[in-house]
Amino acid sequence: MTQQPQAKYRKDYKAPDFTITHIDLDFDLQASMSRVIAKSRVTQQVTGADSMFLDGDALSLQRVEVNGQPWPHYEETSEGLHLSQLPSEFDLEIETHIDAAANTLLEGLYLSDGAYCTQCEAEGFRRITYYLDRPDVLAKFTTKITADKAAFPFLLSNGNNVGAGELSDGRHWVQWDDPYAKPSYLFALVAGDFDLLSDKFKTRSGRDVALEIFVDKGNLNRAEHAMTSLKNSMKWDEDRFDLEYDLDIYMIVAVDFFNMGAMENKGLNVFNSKYVLANSDTATDTDYLGIEAVIGHEYFHNWTGNRVTCRDWFQLSLKEGLTVFRDQEFSSDLGSRAVNRINNVRIVRGPQFAEDRSPMAHPIRPEKVIEMNNFYTLTVYEKGSEVIRMMHTLLGEENFQRGMKLYFERHDGTAATCEDFVKAMEDASDADLAQFRLWYSQSGTPELTVTSDFDDKANTLSLTVKQYTPSTADQKEKLPLLIPFDIELYAANGDVIELQRNGVAVDNVLRVTEAEQTFVFDNVEENPVISMLREFSAPVTLNYEYSDEDLAFLMVHARNEFARWDAGQMLLAKHIKANVARVQAGETIIFPEEVVDAFRGVLLSEELDVALIAEVMTLPSENEIGGWFDVVDVDAIHQVRDAIKLSLSTALADELSALYHSLNQRTYTITHESIGKRSLRNVCLGYLALGEQGNALVSAHFETANNMTDTAAALAAATHAELTNRDAVMAAFSDKWQHDGLVMDKWFLLQGCNPSVGALDNVKAQMSHPAFSLKNPNRTRSLIGVFCNNNPVHFHEKDGAGYKFLSDILIQLNESNPQVASRLIDPLLKFKRFDSDRQSLMRAQLERLALLDNLAKDLYEKINKALEV
Ligand code: TRP
Ligand code: ZN
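Conventions used here
- Residues numbered from 1 in each chain as written.
- Chains lettered and ligands numbered in written order.
- Predicted model: local features only at pLDDT ≥ 70, side-chain atom pairs only at ≥ 80, totals over all residues.
- Heavy atoms only, no water.
- UniProt positions renumbered as here; feature names shortened; annotations may be inferred.
- Salt bridge = Lys/Arg side-chain N within 4 Å of Asp/Glu carboxyl O.
- Buried < 20%, exposed > 50% of the residue type's maximum accessible area, 1.4 Å probe, protein only.
- Helix = DSSP H or I, 4+ residues; strand = E, 2+ residues; numbered from the N terminus.
- Polar contact = N/O pair within 3.5 Å; in protein donor to acceptor, adjacent residues only side chain to side chain.
- Donors = N, O, S within 2.8 Å, 3.2 Å for Na, K, Ca; no water.
- Tetrahedral: all angles 85-135°; square planar, octahedral: opposite > 155°, others 65-115°.
- Core = buried A, V, L, I, M, F, W, Y, C linked by side-chain atoms within 4.5 Å.
- Contact = heavy atoms within 4.5 Å.
- Near = heavy atom within 4 Å.
- Areas by Shrake-Rupley, 256 points an atom, 1.4 Å probe, with all protein chains shown as cover.
- Nonpolar A, V, L, I, M, F, W, Y, C, P; charged D, E, K, R; others polar.

Per an unreviewed UniProt entry, the chain is named Aminopeptidase N, and its organism is Enterovibrio gelatinilyticus. Reading the Sequence similarities (unreviewed entry) entry of the UniProt record for the chain gives the comment "Belongs to the peptidase M1 family." Check the Catalytic activity (unreviewed entry) section of the UniProt entry for the chain; it says "Release of an N-terminal amino acid, Xaa-|-Yaa- from a peptide, amide or arylamide. Xaa is preferably Ala, but may be most amino acids including Pro (slow action). When a terminal hydrophobic residue is followed by a prolyl residue, the two may be released as an intact Xaa-Pro dipeptide."

Here it is in structure tokens:
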């Protein structure tokens, strides 16, 4: 590291001295290099300013002109171009050369399987030309692309296609014009040869929008579901948010090499092919739902992100938290609200809470950033969405939508802040969000500790709620937050006891605002069972001494499905925790009959939705369990979780088997009902695989599967139950699919999380599988990311081999793709959560990485934080 990377602080935000109102880009794409001519209209914003700094990275500068004259007053630095002696308004012309073929970072202009594509968020546009590469500079873009016609028949960019032509040398060009001013991170260009799926959507006001999905040749039969999802998204945003699409064309391009899920470039989304391509042979139900969610997410960004963008990158949650909230609501309105909520809550309680306890802890609106790519996090996205959801809970749908209206009235066409959003919500309703704003600046996971006291003389119930937020790596002092705390009371016969204060009904959502606070309810005639934190009304942990009986009661009687699932999870949590302590004390594992019976009741329930039963029967992951302890004992956790799974499997064998057989569906459809049935049937399979008939059952499941969901479930069951037929089914799958990386990701993932002895050696061996490549982020995450994140017993093996393996990989990725490296490193950063032997082995690997002389900013920021705290 020649120069220490510098941090930027939110408090230092300053509007730019100059802005760019128009930019005309001219791309000439050639194999050896691409030529980019950028003509910008620049205007002074601060009187007297006569110099400006343009961001640039990995560019070869050819010329600089101001108002048509060569401009000698510039200086190139490692970070960009400093221009001086500038007039107050001028035309700037810059020519750069870039080498897309040499770009392995997948940021800026790069090649994915021979097609040119771009990724500019957050700061990738500076790898295309020198520019004010910041989200508060909004310009109208026109783009001309010239390339060889045979190799690149499609030349795409943002906005409308306004011209095209042929050149004599076999090259052709297309001219694009985007009428909406946008920041540079929303620019996109794609040039390649694709199969095209076309459709159209009539907006509510009657305009026709052309819909185009571009996929690799031969994949047309996998694009239909993405198209349906897109049309559903457009319709839903009109119906629920009153928002209509604003261009005449919407294009989506699927690429195999992509660092993240997808990107919302104006009118030209670029997607990881994982979130576009699906058919029944290749995609699981989870894939189908993931595609719907991500297509929705990127589409919803058109208003929350593009029409109103972010003033600076510290405000990222303004667009991401809000857009995640919108995509969650979309999936919930179209599918099962309870199942969606459960899966979202699992992510917050598992990996997001873990992030709060890591060296990278940050508020949803970070204060200090070295590499922006490091802040596309679970905290900004998922907790950010929870913060929006809490406002929705506090205000109600009607006021919330009024707030959205006001937000667009005030900020459409501009770059806004999180504060602007909260203010609009506040002004449109009668809510006071003064204290609530702390959720934007305070990091960490608040803990709620609740005690209850029933007075059978006065017929009152007192709930005392204490809130406490443990300090985090980034922030010592914490203040009490406004926490919406949703509760309901039940009588022993299951009836709801209305919440009353002084005889008047009160809202189920309590406003917790103090460090300690008591809520008293009257006219409570019997000691009630209390359902708490319903719908996970705030991203907090809950401590309350529930008895097993109360939890079993809530599993049956709670009125809402989420609460019933959550009661089951709390019951499991109690017994998992107790047993981990027993294992650590050398005692045997105990799992009471009554607890098993509570789950038997769920399996036998006729009224519960099958998809919900599947969720209730799914144990928390080893990682989520690890989060319940100060020192994570991976071996004890694994042992206890396995033992409980086996107990349930043995005790409930008859019920599981009956369900398994009754849920068999002859024909394959992807309605929510049939997805729910498959989901429960495959959960049953996972349990039954542990029984005597495991091999036979899983083999038969594999042989008879007529869709990828069932096929993948057979592989997963064989893997997790460590069946003897595992190698055979895995080999059969690989023989059939090794030509298809996307499908093979399911297989690599199962190699990654294989619980068997020798898992690490096997992972290393699979890196030479013909379908594997460290250059492809999806492959890398499936095999290596899953091993390091989701195979705690083997990653944390006491000899430290897992840690060394990860850092060997990181040394390679540090150069070829630091963004992927930086996501992979997370499990190593959390070394403080483990015993001292493991801690020192992990720390040693971080210290080894810290010494790299070309350490990327991404890794530098994380390693430094981890080693300094
Ligand atoms: N804005 C994208 C989304 O959430 C995120 C994204 C896609 C991204 N590609 C990226 C962020 C590359 C950083 C770098 O929809
Ligand atoms: Zn997003």
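Visitor: Summarise the pattern of salt bridges; cite the residues concerned and give the values.
Guide: Evaluated as defined, the whole model comprises 71 salt bridges. Among the ionic pairs, Asp-28 bridges to Arg-35, the shortest N-O distance being 3.9 Å. The exposure class of Arg-35 is partly exposed, given its relative accessible area of 21%. Three or more residues joined by partner-sharing salt bridges are found here, namely Arg-204, Arg-207, Asp-242, Glu-244, Asp-248 and Lys-405.

Visitor: I'd like a rundown of the side chain of Glu-488, residues and numbers included.
Guide: Relative to the elements of secondary structure, Glu-488 occurs in strand E28 (residues 488–490). A relative accessible area of 2% places Glu-488 in the buried class. Among the polar contacts made by the side chain of Glu-488, one reaches the side chain of Arg-534 at a distance of 3.0 Å.

Visitor: Hey, could you go over the coordination of the zinc ion (ligand 2) for me, with residue numbers and the actual values?
Guide: Protein coordination at the zinc ion (ligand 2) comes from His-297 (NE2), His-301 (NE2), Glu-320 (OE) and Glu-320 (OE), with a distance range of 1.9 to 2.7 Å. Around the zinc ion (ligand 2) sit six donor atoms, and with donor-metal-donor angles ranging over 48 to 161° the site reads as irregular. Read in sequence order, the donor residues for the zinc ion (ligand 2) give the motif H-x3-H-x18-E. You can see His-297 sitting in helix H2 (residues 285–300) and its partner Glu-320 sitting in helix H3 (residues 316–334), a full 23 residues away along the chain. By relative accessible area, His-297 is classed as buried at 8%.

Visitor: Which residues make up the nonpolar core, and what values do they have?
Guide: Nonpolar side chains in soluble globular proteins tend to end up buried together. Counting residues in hydrophobic clusters, the biggest one holds 281 residues, and the most contacted among them are Leu-92, Met-391, Phe-421, Phe-485, Ile-487, Phe-599 and Leu-828. The element best represented in this core is helix H5 (residues 378–411), accounting for 13 residues. Sequence-distant contacts of Phe-599, that is, excluding residues within four places in its chain, are made with Met-555, Gly-568, Leu-571, Leu-572, Val-616, Met-617, Leu-648 and Leu-652.

Visitor: Give a description of the site of ligand 1 that names residues and reports values.
Guide: Contacts to ligand 1 come from 16 residues, most closely from Glu-121, Ala-262, Glu-264, Glu-298 and Tyr-381. The contact in question runs from a nitrogen atom of ligand 1 to an N or O atom on the side chain of Lys-319, over 3.4 Å. One of the side-chain N or O atoms of Glu-320 is found 3.1 Å from a nitrogen atom in ligand 1. Starting from 370 Å² of accessible surface for ligand 1 in isolation, the protein chains cover 97%. Split by residue class, the shell around ligand 1 holds six nonpolar, five polar and five charged.

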